[in-house]
Structure formats: structure tokens, C-alpha cells
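If you want the building blocks of each chain, they are given just below.
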Amino acid sequence: QVQLVESGGGLVQAGGSLRLSCVYSGTTRGFNAIGWYRQAPGKQRELVGSVNWDGITTYADSVKGRFTSSRDSAKNTVFLQMNNLKAQDTAVYYCNAGGNYIGTYYMGNYWGQGTQVTVSS
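Residues numbered from 1 in each chain as written. Predicted model: local features only at pLDDT ≥ 70, side-chain atom pairs only at ≥ 80, totals over all residues. Heavy atoms only, no water.

Here we look at unusual backbone geometry
Even without glycine at this site, N84 takes up a positive phi of about 50 degrees. Tracing the backbone through its elements, the reader meets N84 in the loop between strand 8 (77–82) and strand 9 (91–101). Here the phi dihedral of I102 falls at roughly 50 degrees; this positive angle occurs in a residue that is not glycine. Tracing the backbone through its elements, the reader meets I102 in the loop between strand 9 and strand 10 (104–111). (Helix = DSSP H or I, 4+ residues; strand = E, 2+ residues; numbered from the N terminus.)

Take a look at the structure:
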């Protein structure tokens, strides 16, 4: 079993920043990366970015240059730093335990509970 707990969401004005955290625990041998997904009302869940244990990251085109994912291995925590936020970034953000091989993220079966990010224009 893997447990994922997100935090750090909130309400921010356009152009502002937030940093999301995802603490993972449990049986961690089965995955080598954390992926960040988001789901806006009425839309499908989409992959935003990921980071693997070698520090290799992937990002959706819509967030490249604005979002950065990193990992603190000592604290079993992955971060998503979100800068220059836009109204269209408003969504519930989830972390997922999966795999990142050769620059491609593969979704796993374990999810966090989600954290709401709201960007006011």
C-alpha cells in the first residue's frame, strides 16, 4: 500500500505563486516517480508534470516555464512550485505514484486526496 497526502492549495491572484507538497509513505519500492495531475470542473483529469528519483522532470506544454517539480528524498516529499498562476490553472490538483522512464510518465494506481487551487483574475 502507498499513501499520498497533498497540501499547499489555496486561493491566489493571477500572477501569484503556490507550492504544493505531496508526502508519500508505505510500500515505495513499486514506483520511481510522482506525477501531478489536475482536474477542473467539467474537464478530464490531465497530467501537469512529474519528477522521478533521478530528478528527471516532465511538464505539460501549458505549464512549462511556470511550474517546477522537485523532490526531497529525506522527507519523502515531492513539491510542485507554481509561479505566474493563471485563472485557467484553477483545478483540484492530485499527486500520483507512478513511473517515469526515458522522460515519459506512466500513471500508477495510488492517488492523493487532492488539493484545491483557485486563481482569481
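A short note on the pattern of salt bridges
Enumeration according to the criterion identifies four salt bridges in this entry. Note that R38 and D89 form a salt bridge whose closest N and O atoms lie 2.9 Å from each other. Of this pair, R38 sits in strand 4 (residues 33–39) while D89 sits in the loop between strand 8 and strand 9; the two residues are 51 residues apart in sequence, bridging distant segments of the chain. For the pair formed by R38 and D89, the shared burial category is buried. Residues K64 and D61 are paired through a salt bridge, measuring 3.2 Å at the closest nitrogen-oxygen approach. For the pair shown, K64 and D61 are each scored as exposed. What you see here is one network of salt bridges that share partners, running through R38, E46, R66 and D89. (Salt bridge = Lys/Arg side-chain N within 4 Å of Asp/Glu carboxyl O. Buried < 20%, exposed > 50% of the residue type's maximum accessible area, 1.4 Å probe, protein only.)

Concerning the sheet that holds strand 1 (residues 2–7)
Within the open sheet, the four strands sit side by side as 1-3-8-7. Their pairing is antiparallel. For this open sheet the edge positions go to strand 1 and strand 7 (67–72), each flanked by a neighbour on one side alone. Going across the sheet, the axis of each strand differs from the next one's by a mean of 20 degrees, ignoring polarity. Here strand 7 pairs with strand 8 via six bridges, running antiparallel. Across the sheet, the residue bridging to R71 is V78, located in strand 8. (Pairing = 2+ DSSP bridges. Axes fitted to C-alpha atoms, helices over the stretch in contact; angles between N-to-C directions.)

Re the state of the cysteines
Applying the stated criterion across every chain yields a total of one disulfide. Across the disulfide, C22 is cross-linked to C95 (sulfur-sulfur distance 2.1 Å). Between C22 and C95, the S-S dihedral sits near 70 degrees, and the bridge is therefore right-handed. Of the two residues, C22 sits in strand 3 (residues 18–26) while C95 sits in strand 9, which places them 73 residues apart along the sequence. No difference in accessibility class separates C22 from C95, as the two residues are buried. (Disulfide = S-S within 2.5 Å.)

Concerning the packing of aromatic side chains
Applying the stated criterion to the full structure yields seven aromatic pairs. Pairing Y24 with W53 gives two aromatic rings, centres 5.3 Å apart and planes at 20 degrees, and the pair type is stacked. Of this pair, Y24 sits in strand 3 while W53 sits in the loop between strand 5 (46–52) and strand 6 (57–59); the two residues are 29 residues apart in sequence, bridging distant segments of the chain. Residue class for Y24 comes out buried when judged on its relative accessible area of 3%. (Phe/Tyr/Trp six-rings, centres within 6.5 Å; stacked < 30°, edge-to-face > 60°.)

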